[in-house]
Amino acid sequence: MSIELKNDYGKIDITNDVIAQVVGEAAIECYGIVGMASRHQIRDGLTDILGKENYARGVIVRTIGDETHIDMYVIVGYGTKISEVAYQVQSKVMYTLKKTLSLTVDSVNIFVQGVRVTS
């Protein structure tokens, strides 16, 4: 599946894996995020934190008509305010997608899969 953008010069197809990679990179930069988690916890393992090459496993990009929705599965650090971390991730992801891919996202849903003590 991909998202198609049209401009004066032609069309651009951006695959969901590229969007998921950009979203994962943006989320990891936010304070309070320990890592990305798999959306299939039982199949992939309950405590796995995804590496840089596997961010697509923790992000779902859904396109419904002209609307784009992103679901993210994250692990937050112990002692951080989860609602504030989620808000910062949402803001950063929307800004990064607009800046890098010229893509406007209708919603960014954050699913906290766990809390970890960071050292």
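Residues numbered from 1 in each chain as written. Predicted model: local features only at pLDDT ≥ 70, side-chain atom pairs only at ≥ 80, totals over all residues. Heavy atoms only, no water.

*Asks:* Give a description of the environment of Val76 that names residues and reports values.
*Replies:* In this structure, Val76 sits in strand 6 (residues 67–77). In this structure Val76 comes out as buried when scored by relative accessible area, which is 1%. Those residues in contact with Val76 that sit more than four places away from it in its chain are Gly32, Ile33, Val34, Ile82, Val85, Val112, Gly114, Val115 and Arg116. (Helix = DSSP H or I, 4+ residues; strand = E, 2+ residues; numbered from the N terminus. Buried < 20%, exposed > 50% of the residue type's maximum accessible area, 1.4 Å probe, protein only. Contact = heavy atoms within 4.5 Å.)

*Asks:* Give me the lowdown on the packing of aromatic side chains, citing residues and values where you can.
*Replies:* How two aromatic rings sit relative to each other is given by the distance of their centres and the angle of their planes. One pass over the full model with this rule turns up one aromatic pair. Relative to Phe111, the ring of Tyr73 has its centre 5.0 Å away and its plane inclined at 15 degrees; by these criteria the two rings are stacked. Within this pair, whereas Tyr73 is found in strand 6, its partner Phe111 is found in strand 7 (residues 107–116), the two being separated by 38 residues in sequence. (Phe/Tyr/Trp six-rings, centres within 6.5 Å; stacked < 30°, edge-to-face > 60°.)

*Asks:* Kindly report on helix 1 (residues 16–28), identifying the contributing residues and their values.
*Replies:* Since the α-helix advances by 3.6 residues per turn, residues separated by three or four positions end up pointing in the same direction. With 13 residues, helix 1 should cover 18 Å at 1.5 Å per step; its first-to-last C-alpha distance of 18 Å lies within 8% of that length. Considered for burial, the residues of helix 1 that qualify are Asn16, Ile19, Ala20, Val23, Gly24, Ala26 and Ala27. Angular distribution of buried residues about the axis of helix 1 spans 165 degrees; they occupy a single face of the element. Residues of helix 1 that are buried in the fold lie against strand 1 (2–7), strand 2 (10–15), strand 3 (33–37), strand 5 (59–64), strand 6 and helix 3 (82–101). (Expected span 1.5 Å × (residues − 1). Arc of directions from axis to C-beta.)

*Asks:* Tell me about the confidence of the model for the chain, residues and numbers included.
*Replies:* Averaged over all residues, the pLDDT of the chain is 85; the fraction at 70 or higher stands at 87%. The least confident element of the chain, judged by mean pLDDT, is helix 2 (residues 41–44) at 54; the most confident is helix 3 at 95. (pLDDT = per-residue confidence, 0-100.)

*Asks:* So what's going on with the pairing of strand 1? Residues and values would help.
*Replies:* Alignment of strand 1 against strand 2, held across six bridges, turns out to be antiparallel. Directly across from Ile3, in strand 2, lies its bridge partner Ile14. If you look at the hairpin formed by strand 1 and strand 2, you'll find two residues sitting between the two strands. (Pairing = 2+ DSSP bridges.)

*Asks:* Go over the pattern of salt bridges with me, naming the residues and quoting the values.
*Replies:* In the structure shown here, the tally under the stated rule is four salt bridges. Where Glu4 meets Lys6, a salt bridge forms, and the shortest distance between an N and an O atom there is 3.8 Å. On the basis of relative accessibility, which here comes to 41%, the residue Glu4 falls in the partly exposed class. Note that Glu4 and Lys11 form a salt bridge whose closest N and O atoms lie 3.5 Å from each other. The class for Lys11 is exposed, based on a relative accessible area of 53%. One continuous salt-bridge network, built from bridges that share partners, spans Glu4, Lys6 and Lys11. (Salt bridge = Lys/Arg side-chain N within 4 Å of Asp/Glu carboxyl O.)

*Asks:* A description of a nonpolar patch on the surface should follow, citing residues and the corresponding values.
*Replies:* On the surface, Tyr78, Ile82, Val112, Val115 and Val117 cluster together into a nonpolar patch covering about 500 Å² of accessible area. Take Val115: its relative accessible area is 48%, and that puts it in the partly exposed class. (Patch = residues over 30% accessible without salt bridge, like charges linked within 9 Å, V, L, I, M, F, W, Y side chains within 5 Å. Areas by Shrake-Rupley, 256 points an atom, 1.4 Å probe, with all protein chains shown as cover.)

*Asks:* Let's hear about the packing of helix 1 against helix 3: which residues, and what values?
*Replies:* For the pair helix 1 and helix 3, interaxial distance at closest approach is 9 Å and the crossing angle is 130 degrees. Our classification of the angle between helix 1 and helix 3 gives oblique. Judged by the sense of rotation from one axis to the other, the crossing of helix 1 with helix 3 is right-handed. In contact with Ile19, Val22, Val23, Ala26 and Ala27 of helix 1, helix 3 contributes Val89, Lys92, Val93, Thr96, Leu97, Thr100 and Leu101. (Axes fitted to C-alpha atoms, helices over the stretch in contact; angles between N-to-C directions. Parallel < 35°, antiparallel > 145°, perpendicular 65-115°, else oblique. Left-handed = near helix turned anticlockwise from the far one by under 90°.)

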